Number of protein chains: 6
Amino acid sequence: MRNAVIAKPIAVRNIARPDAAAVKALGDYGVATVHEAQGRTGLLAAYMRPIYPRASLSGAAVTVLVPPGDNWMIHVAVELCQAGDVLVVAPSSPCSDGYFGDLLATSLRARGVMGLIIDAGVRDVATLTDMQFPVWSKAIWAQGTVKASLGAVNVPIICAGQRIEPGDAVVADDDGVVVVARAEAAAVAEAAAKRCANEEDKRKRLASGELGLDLYKMREQLKALGLEYR
Amino acid sequence: MRNAVIAKPIAVRNIARPDAAAVKALGDYGVATVHEAQGRTGLLAAYMRPIYPRASLSGAAVTVLVPPGDNWMIHVAVELCQAGDVLVVAPSSPCSDGYFGDLLATSLRARGVMGLIIDAGVRDVATLTDMQFPVWSKAIWAQGTVKASLGAVNVPIICAGQRIEPGDAVVADDDGVVVVARAEAAAVAEAAAKRCANEEDKRKRLASGELGLDLYKMREQLKALGLEYR
Amino acid sequence: MRNAVIAKPIAVRNIARPDAAAVKALGDYGVATVHEAQGRTGLLAAYMRPIYPRASLSGAAVTVLVPPGDNWMIHVAVELCQAGDVLVVAPSSPCSDGYFGDLLATSLRARGVMGLIIDAGVRDVATLTDMQFPVWSKAIWAQGTVKASLGAVNVPIICAGQRIEPGDAVVADDDGVVVVARAEAAAVAEAAAKRCANEEDKRKRLASGELGLDLYKMREQLKALGLEYR
Amino acid sequence: MRNAVIAKPIAVRNIARPDAAAVKALGDYGVATVHEAQGRTGLLAAYMRPIYPRASLSGAAVTVLVPPGDNWMIHVAVELCQAGDVLVVAPSSPCSDGYFGDLLATSLRARGVMGLIIDAGVRDVATLTDMQFPVWSKAIWAQGTVKASLGAVNVPIICAGQRIEPGDAVVADDDGVVVVARAEAAAVAEAAAKRCANEEDKRKRLASGELGLDLYKMREQLKALGLEYR
Amino acid sequence: MRNAVIAKPIAVRNIARPDAAAVKALGDYGVATVHEAQGRTGLLAAYMRPIYPRASLSGAAVTVLVPPGDNWMIHVAVELCQAGDVLVVAPSSPCSDGYFGDLLATSLRARGVMGLIIDAGVRDVATLTDMQFPVWSKAIWAQGTVKASLGAVNVPIICAGQRIEPGDAVVADDDGVVVVARAEAAAVAEAAAKRCANEEDKRKRLASGELGLDLYKMREQLKALGLEYR
Amino acid sequence: MRNAVIAKPIAVRNIARPDAAAVKALGDYGVATVHEAQGRTGLLAAYMRPIYPRASLSGAAVTVLVPPGDNWMIHVAVELCQAGDVLVVAPSSPCSDGYFGDLLATSLRARGVMGLIIDAGVRDVATLTDMQFPVWSKAIWAQGTVKASLGAVNVPIICAGQRIEPGDAVVADDDGVVVVARAEAAAVAEAAAKRCANEEDKRKRLASGELGLDLYKMREQLKALGLEYR
């Protein structure tokens, strides 16, 4: 019978990874800043939420395409992960099953993996929280999965509305998850740095009571467009 | 590897079916009337919609439990269907994939099956409409499925929020889908008949301008509860 | 026990209604045009869909606030409707039950009511379609309701995200449902007329191949904002 | 081009605010009690959730109507806020973008604003939590917004299913968000006080093992309606 | 008028309960393990979430069928609960109203009830958290309910997609809620024990860097199905 | 102020288009067959539905990225369309507004465009149906849009969960929408042809009563996996 969700089930062993310093910096700036710094692109859907507050990570994407209700390819992917990677999993059609639990997390942690982004469900979240193994998921649900059909590892995937290629930089925190193309990681980190420096001054002025209307010189434009005060 | 969504994958060959005359009568009364006649119970979820207007059916349920994204057990179920049956399919976890298309419909029609109720997706709906093969589903979607894991046929299932046992009577039309326990089919048909007779008179009186407030003698109770006219 | 969803269950007998000619005209212009003509306001939520294609109506709102799963107040409202009215029903908390069916439609038709807008479910839709009694609803579902608790008739309600006052003009067609404040019905009809006249000329020019970019003189502004052609 | 979501973009400078003592008292009673005390009305939709546990506030509403994906009017609104106010934001059509972050919170805090109610998304929630700046929102999402089109400040809006007028009292806690009409704030606070006093005695009796069936004298009514014990 | 959601409103006083030691053991193993141990069945829908992190319980189900927006039957159910029970509530049609708050929790706690599973809304969650009274619900919402119509207590219900009979064992934690048939509680507890013992060894091997591919001997099967490494 | 949803708003004039004969053939085979023929990939989300039954098209994608609630870039795109193209529109964050109506359809038809795929809303659907201008959309809704901010034309976009590049082949019918990479259009058309030929024979055999279990030789494998007949 047909046992694969795609024509050619493959697992790519070697992928290029982004500059480690850039990945680290992107993580420090956080999701909102990185998203803005690259022109308001790359953000995964709003339903991707961390399993515990204050979770955050950045790393290189190892991508996994899985069939609905089948987590076999995640086991294949573990072997292909190295320290500093982030596992990024997307089902071939929408699914909320609990593809991932504490055993897989134990295995990933042994390899130095930073965490998991999954457009599906996760389980054993109390244990994952104790381990401080961060996960962003569509659902928290114990529903078990089978190991019967193939998918692919390290191919481009669409995860929660964004295309992610193996080796892209992934940043995640309380505000969601953003992907940065591998080749642009350093440039985006630099743009984020500028944005942050710029924000610090604004924060002080706003805290002192200066209005955004004045700080950003908006009054004239608002008037020109027809805003009327009463 | 684990290839079944449940501990014991079984297919039950022989099931008891409801009284054919009762099933026919239930179909004539329609979903809303049958639902009321059995005490406002048995209705499947509101998201179960027919693939074309004016579709309707009644029949005996042949039940199928399928894994997400895997339609293999439907092929097993076809053999166990007979004329007058309705195939009722539920996935073991939520799924909108297109489990069913025109080839399966051709096969079911050859056996005299009345139609399909599926808490998942269906495809080839233009052809199904041409065939006038009625389907109530959660989604219309071409997404293909694999044939890799087992489920069960003719076991009790939960389909769109209702428990359905093999051999229960199923009624479906533009208002949705309702299930009637096999043993109660005749009694519910009788209750539905009374309800219908009763409604005919009401319809005439309402059409002539008589108010429900008077017909149902509601005014006093409304006043007693505190309704105030202004 | 407590039997009302609101503090003071009332039914207001006499309401002011909008100018009949204006209501008629609004219906002729249709939802999209009326919505634009009043400054892109007044549109009910996108989930409000007609039960059959090409349904359309306009009329004066008779508003009904109902408890979840309880359609008693609709019976109270029928008596307060007159020819040209539209019944507008909202539950006090979200509900998809089938509050309304062919008997209530028969009763409303006998009074000359144009149709129903309900932020909940409706049933008997095959019969309602035969009657050409138009309904816009959140769901089609046979689920029955009780008659146990009070609500209110002809008070301001929030229906599918818009506030509707008794006597407001309501327009509905394939594009959805829009409400126009009673006092503004004539002015909005006039604005809609202008918009329509204006559109006719545009349609001809676009049909002949003229581009919107030129017709609306957009090229310069796009360039000024930084659009770059490659 | 057309740059406003509504016909007349206005910002109203001066609004009446509710009695400060009443607002404070409403906050002390909390959402569930206030909602009950005013006849089970005024509650915003269930999807409005606080960004951290134990968040709570009460204040006077400064209302903002914003276009989808455009937060410009929030900057206009900041200037019109004063100490004790709550910013209440609704988009002109559904949107989950991150309209609001830590810079705007810094600005609002500088003016003594209590917090934010937004029928859309919010970002920088880790920082907002550190600041203990409470927000109730439909989503947490980093998605950026533009500053290109106008809306309105201090006009009546529909926010998460409730109409809110500028100057209404708003109360929010872990149970959601409720609005109280400005003119009724004192009366509702008084009704809430009575309800609370009443509840304290009930709580003690229930804690000691007395049954609600007896405390509320329900047994006879249940029997009269036909409840049958087996 | 019609005041019941079902034909025969009944409350069953005496139900059989599962073996207490088995129930305790099931709670110790947790939802994911119990769900797997009984063949990946019995899990309630993913939207059932605890009101605070680290909530957990196990107990015998006292089931309640309630009308939408009407919590009267919960008061009837309280009397029928005993120490070690779990109240399991399902509405007759979907509803998110706040059926349950701190007063009912006080009453249940006085009887030794472990917690609440409700396919609807709950309120007073800050107080419930202070009480450490665990609740799994579809929503947190203050919306009040009436006491006007009957339902049933201790009849089989469908709650969040699973059939639950009175006296079934219910287990809930951060991963969701699972039901175990009363008669199978001991056997499932035993199967869970084996599974846990088995997992401990796996966890150690995975933590030491051994791959699941080797531990579970997957490589050959993956190759046979056509997985290709690049 | 910031007026673009992306860093570099561009419009690409010249794109490569797929082989016209292949595009035509893909349209003849239909969505389900094409989706299967390319390894069950490329299908847009299930919520993308045609505005009238029996709508179908195939063509070359002209892609448009639009801000939420802003349809300006669609006007830019019209000029870049040629006969046989399909306009494919995705918002930069989720939106259901009515970006497109009969005037834009008139303009596109004048250029020979086949239809519209839009991951947002559409309006004037009665007129579009009269014109037989096919549209697949996420919503039907009259909500108006502004023309204030820039996006991009003929850049790769994510539309309803699939990446679409300018010049890809798009096929749509009652079963949904599928995209085929430009370079693979001919090969996929060929694979689809084979699949169709193969299906014709199967259909006849199934119609004559032969079982899928026998036709696909499934019995042995089912037995091997442990299916048990009772």
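Calculation rules
Residues numbered from 1 in each chain as written. Chains lettered and ligands numbered in written order. Predicted model: local features only at pLDDT ≥ 70, side-chain atom pairs only at ≥ 80, totals over all residues. Heavy atoms only, no water. Helix = DSSP H or I, 4+ residues; strand = E, 2+ residues; numbered from the N terminus. Buried < 20%, exposed > 50% of the residue type's maximum accessible area, 1.4 Å probe, protein only. Contact = heavy atoms within 4.5 Å. Areas by Shrake-Rupley, 256 points an atom, 1.4 Å probe, with all protein chains shown as cover. Lys, Arg positive; Asp, Glu negative; His and termini not counted. Charge placed at Lys NZ, Arg CZ, Asp CG, Glu CD. Pairing = 2+ DSSP bridges. Right-handed = clockwise from strand over helix to strand, strands pointing away. Least-squares fit on C-alpha atoms with pLDDT ≥ 70 in both. Buried area = accessible area lost by both parts, 1.4 Å probe. Salt bridge = Lys/Arg side-chain N within 4 Å of Asp/Glu carboxyl O. Polar contact = N/O pair within 3.5 Å; in protein donor to acceptor, adjacent residues only side chain to side chain. Nonpolar A, V, L, I, M, F, W, Y, C, P; charged D, E, K, R; others polar. Phe/Tyr/Trp six-rings, centres within 6.5 Å; stacked < 30°, edge-to-face > 60°. Lys NZ or Arg CZ within 6 Å of the ring centre and 35° of its normal.

Check the secondary structure of chain A and you find 8 helices and 13 strands. If you line up chain A on its principal axes, its C-alpha atoms span 70 × 40 × 35 Å. Out of the 230 residues belonging to chain A, those deemed buried represent 65%. When contacts within chain A are restricted to residue pairs at least 6 apart in sequence, those whose partners lie at least 24 apart make up 77%. Carbon and sulfur atoms form 50% of the exposed surface of chain A, whose accessible area is close to 7700 Å². Between the averaged position of the 25 positive side-chain charges in chain A and that of its 25 negative side-chain charges there is a distance of 2 Å.

All names here are of chain D. Here strand E4 (residues 85-91) lies mainly inside the structure; 7 of its 7 residues are buried. Residues of E4 alternate between two faces, with Asp-85, Leu-87, Val-89 and Pro-91 on one and Val-86, Val-88 and Ala-90 on the opposite face, all of them buried. Where strand E3 (residues 57-66) and E4 come together, 7 bridges link them in parallel fashion. By the bridge assignment, Leu-65 is partnered in E4 with Ala-90. A crossover connection joins E3 to the parallel E4 through helix H3 (residues 72-79); in handedness this β-α-β unit is right-handed. Strand direction decides the pairing type here: E4 and strand E6 (residues 115-122), joined by 4 bridges, are parallel. Directly across from Val-86, in E6, lies its bridge partner Gly-115.

Here we come to the relation of the copies chain B and chain F. Overlay of chain B on chain F (RMSD 0.0 Å): rotation 120 degrees, translation along the axis 0.0 Å. On this basis, the relationship between the two copies can be described by a three-fold rotation axis. Residues of chain B ranked by C-alpha distance from the rotation axis are headed by Pro-53 of chain B, positioned 6.2 Å from it.

Moving on, we come to the environment of Val-88 of chain F. Residues and elements named next belong to chain F. Topologically, Val-88 is positioned in strand E4 (residues 85-91). As for Val-88 and Gly-115, which are separated by 27 residues in sequence, their C-alpha atoms are 8.9 Å apart. Apart from residues no more than four positions distant in its own chain, Val-88 is found in contact with Ala-61, Val-62, Thr-63, Val-64, Ile-117, Ile-157, Cys-159, Ile-164 and Val-170.

Contacts between the two partners involve 36 residues from chain B and, on the opposite side, 35 residues from chain F. For the chain B and chain F pair, buried surface summed over both sides reaches about 3100 Å², with 61% attributable to carbon and sulfur atoms. The largest contributions to the chain B side of the interface with chain F come from Trp-72, Leu-103 and Trp-141 of chain B, which together make up 20% of the buried area. In this structure, the connection of chain B to chain F is made through 4 salt bridges. The tally of links from chain B across to chain F stands at 15 residue pairs in polar contact (both at pLDDT 80 or more). For the side of chain B that touches chain F, the leading source of residues is helix H3 (residues 72-79) of chain B, giving 6 residues. When its residues are assigned to classes, the side of chain B that touches chain F shows 18 nonpolar, 9 polar and 9 charged. Summarising the sheet, strand E1 (residues 10-11) of chain B and strand E13 (residues 228-229) of chain F pair through 2 bridges and their orientation is parallel.

At no point do chain A and chain C touch; the closest pair of C-alpha atoms across them sits 14 Å apart. Chain E shows no contact with chain F. Their nearest C-alpha atoms sit 14 Å apart.

We now examine helix H4 (residues 102-110) of chain C. Spacing of three or four residues puts side chains on the same side of an α-helix, whose turn is 3.6 residues. For H4 of chain C, the buried fraction is high: 7 of the 9 residues fall into the buried class. Turning to H4 of chain C, its buried residues are Asp-102, Leu-103, Leu-104, Ala-105, Thr-106, Ser-107 and Leu-108 of chain C. If you follow the buried residues of H4 of chain C, they end up packed against helix H6 (185-207) of chain B together with helix H3 (72-79), strand E4 (85-91), strand E5 (98-100) and helix H5 (125-131) of chain C. Directly beyond the C-terminal end of H4 of chain C, a positive phi value near 85 degrees is found at Gly-112 of chain C.

Let us look at the environment of Gly-226 of chain A. In this fold, Gly-226 of chain A is placed in the loop between helix H8 (219-225) and strand E13 (228-229). Setting aside anything within four residues of it in sequence, one finds Gly-226 of chain A in contact with Pro-9 and Leu-150 of chain D.

Counted under the stated rule, the structure contains 6 aromatic pairs over all chains. Consider the rings of Phe-100 of chain E and Phe-133 of chain E, whose centres lie 5.9 Å apart with planes at 20 degrees: the pair is stacked. Here Phe-100 of chain E is found in strand E5 (residues 98-100), whereas its partner Phe-133 of chain E is found in the loop between helix H5 (125-130) and strand E7 (135-140), with 33 residues between them in sequence. Comparing Phe-100 of chain E with Phe-133 of chain E shows no difference in burial state: the two are buried. If you follow Lys-138 of chain A out to its NZ or CZ, it ends over the ring of Tyr-47 of chain A, 5.8 Å from the centre.

By the element assignment, Thr-129 of chain F lies in helix H5 (residues 125-131). Not counting the four nearest positions on each side in its chain, Thr-129 of chain F is found in contact with Arg-54 of chain C together with Ile-51 and Tyr-52 of chain F.

As a further point, take the environment of Ala-183 of chain C. Along the chain, the position of Ala-183 of chain C falls in the loop between strand E12 (176-180) and helix H6 (185-207). Each C-alpha atom, one on Ala-183 of chain C and one on Gly-226 of chain C, is 43 Å from the other, the two residues being 43 residues apart in sequence.

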